[in-house]
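Coordinates in review
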Amino acid sequence: MTTAIQTTLRVRPITPADNPHVAAVIRAVSAEFGLTADKGYTVSDPNLDHLYEVYSAEKCAFWVVELEGKVVGGGGVAPLACSDADVCELQKMYFMPSVRGLGLARRLAIQALEYAREQGFKRCYLETTASLTRAIRLYEHLGFEHIDGPMGSTGHVDCEVTMLKTL
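Per chain, the residues get numbers from 1 upward, laid out in the order the sequence is written. The predicted nature of this model means local features are confined to residues of pLDDT at least 70 and side-chain atom pairs, given and counted, to a pLDDT of 80 or more, with totals for whole chains, interfaces and linings taken over all residues. With hydrogens and water set aside, each side-chain value is computed from the structure's full complement of heavy atoms.

Under an unreviewed UniProt entry, the chain has the name GNAT family N-acetyltransferase and belongs to Erwinia sorbitola.

Listed below in structure tokens is the structure:
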């Protein structure tokens with residue numbers, strides 16, 4: 001006997017009510033991979049609990065992923081601080097284990113890159129850490145290339161993997 005299980009996955013723009021849920025996802029995934037605040041990873045971001053406000057700025061966007069109405073991931077794009085005006089940054093791509101391997105990170109990254117193009121960005125930068133091998137493979141498949149060092153000012157001093165994509 002086969003039983004079909006229907007799940008509801010949804011990708012949508014962040015709302016103010018999502019702030020604590022997105023922050024909780026980022027904290028949980030960061031802890032899972034040992035990405036601690038003292039190393040300058042995203043969990044040290046002073047705006048972590050206010051992402052709706054951050055991504056409401058011009059040329060910024062953040063999307064959340066819901067599974068059965070519960071926030072289980074997200075990601076966004078914003079201008080790269082202290083960089084050329086045509087460079088954006090793919091930011092805060094975090095997903096709970098329950099939705100990994102479903103292609104959501106790819107879908108969300110493509111959506112963010114399309115948004116960035118629409119906003120007039122010509123290049124997209126990202127930083128990550130070598131322990132996130134699946135993420136790095138995804139970014140490589142999306143056309144990001146490894147570069148020699150950091151760009152702009154992200155505050156993530158221990159993100160040793162830096163990548164750039166021409167949009």
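Next comes the rest of the description.
Our next topic: the nonpolar core. The set of buried Ala, Val, Leu, Ile, Met, Phe, Trp, Tyr and Cys residues whose side-chain atoms join them within 4.5 Å is what this entry labels a nonpolar core. Only protein chains enter the accessibility calculation, which uses a 1.4 Å probe; a residue is then buried when its area is under 20% of its type maximum, exposed when over 50%, and partly exposed in between. Formed by 28 residues in total, the largest nonpolar core has its most connected members in Trp63, Val77, Leu90, Met93, Phe95, Tyr139 and Phe144. The helix count covers DSSP runs of H or I at least four residues long, the strand count covers runs of E at least two residues long, and both are numbered beginning at the N terminus. Secondary-structure elements contributing two or more residues to this core are β2 (61-67), β3 (70-79), β4 (87-95), α3 (104-118), β5 (123-128), α4 (133-141) and β7 (161-166). Per element, the largest residue contribution to this core is seven residues, and it comes from α3. For valine 77, the residues in contact, after removing those within four places along its chain, are Tyr55, Lys59, Cys60, Ala61, Trp63, Cys88, Glu89, Ala112, Tyr115 and Ala116. Counting residues in hydrophobic clusters, the runner-up holds 15 residues, among them Val22, Ile26, Val71 and Tyr94. In what follows, residue pairs with any heavy atoms lying within 4.5 Å of each other are defined as contacts.

Of all nine residues in β4, nine are buried; the element is thus mostly enclosed. Any two strands are treated as partners once DSSP identifies two or more bridges connecting them. As paired strands, β4 and β5 are joined by three bridges and run parallel to one another. From the neighbouring strand, glutamate 89 faces β5, where its bridge partner is tyrosine 125.

Before going further, it helps to examine the packing of aromatic side chains. Classification of ring pairs uses Phe, Tyr and Trp, with its six-membered ring standing for Trp, and accepts pairs whose centres are within 6.5 Å; under 30 degrees between planes counts as stacked, over 60 as edge-to-face, and the remaining range as tilted. All chains considered together, the criterion is met by three aromatic pairs. Measuring from ring centre to ring centre gives 5.0 Å for tyrosine 55 and phenylalanine 62, while their planes differ by 45°; the resulting arrangement is tilted. In this pair, the class of tyrosine 55 matches that of phenylalanine 62, namely buried. Whether a charge sits over a ring comes down to the Lys NZ or Arg CZ being within 6 Å of the ring centre and within 35 degrees of the ring normal. Note that lysine 59 overlies the ring of phenylalanine 121, its terminal NZ or CZ placed 5.3 Å from the centroid.

Another point: the layout of surface pockets. Empty space among the atoms can be located by rolling a probe the size of a water molecule over them. Roughly 1,100 Å³ of volume is contained in the largest pocket. When contributions to the lining of the largest pocket are tallied by element, the ones reaching two or more residues are α2 (51-54), β3, β4, α3, β5 and α4. Residues are grouped as follows: Ala, Val, Leu, Ile, Met, Phe, Trp, Tyr, Cys and Pro are nonpolar; Asp, Glu, Lys and Arg are charged; every other residue, Gly included, is polar. For the lining of the largest pocket, the residue count by class is 26 nonpolar, 13 polar and eight charged. Using only the protein atoms, space was sampled on a 1 Å grid; points where a 1.4 Å probe fits but cannot get out form cavities, open sets with protein on both sides within 12 Å along at least five of seven lines form pockets, and lining residues are those with an atom within 4 Å of a point. Grid points are joined across faces, edges and corners, and a volume is the space filled by probe spheres set on the points.

The subject of this paragraph is the confidence of the model for the chain. A score between 0 and 100, pLDDT records how confident the predictor is in each residue. Across the chain, the average pLDDT comes to 91, with 90% of residues at 70 or higher. For the chain, the element scoring lowest by mean pLDDT is strand β1 (residues 9-13), at 93; strand β6 (residues 145-146) scores highest, at 98.

Along the chain, lysine 165 turns up in strand β7. The class for lysine 165 is buried, based on a relative accessible area of 14%. Taking the C-alpha atoms as reference points, lysine 165 and isoleucine 147, separated by 18 residues in sequence, lie 9.9 Å from one another. Beyond its immediate stretch of four places on either side in the chain, lysine 165 contacts Leu113, Arg117, Lys122, Arg123, Cys124, Leu142, Gly143 and Phe144. Any pair of nitrogen or oxygen atoms within 3.5 Å is treated as a polar contact; in protein, a donor-acceptor pairing is required on top of that, and neighbouring residues in sequence qualify only through side-chain atoms on both sides. Polar contacts involving the side chain of lysine 165 include one to the main-chain carbonyl oxygen of leucine 142, which spans 2.8 Å.

Attention now moves to helix α1 (residues 19-32). Working rule for helices: expected span equals 1.5 Å times residues minus one. In this model, α1 (14 residues) spans 20 Å end to end at C-alpha, consistent with the 20 Å of a helix rising 1.5 Å per residue. When α1 is considered as a whole, its buried residues turn out to be Asn19, Val22, Ala23, Val25, Ile26, Val29 and Ser30. The arc enclosing the buried residues of α1, seen along the axis, measures out at 155°, which places them on a common side. Of the surrounding secondary structure, the elements contacted by the buried residues of α1 are α2, β2, β3 and β4. Looking one or two residues past α1, glycine 34 carries a phi angle of roughly 70°, positive in sign. Taken from the helix axis, the directions to the C-beta atoms give the arc we talk about.

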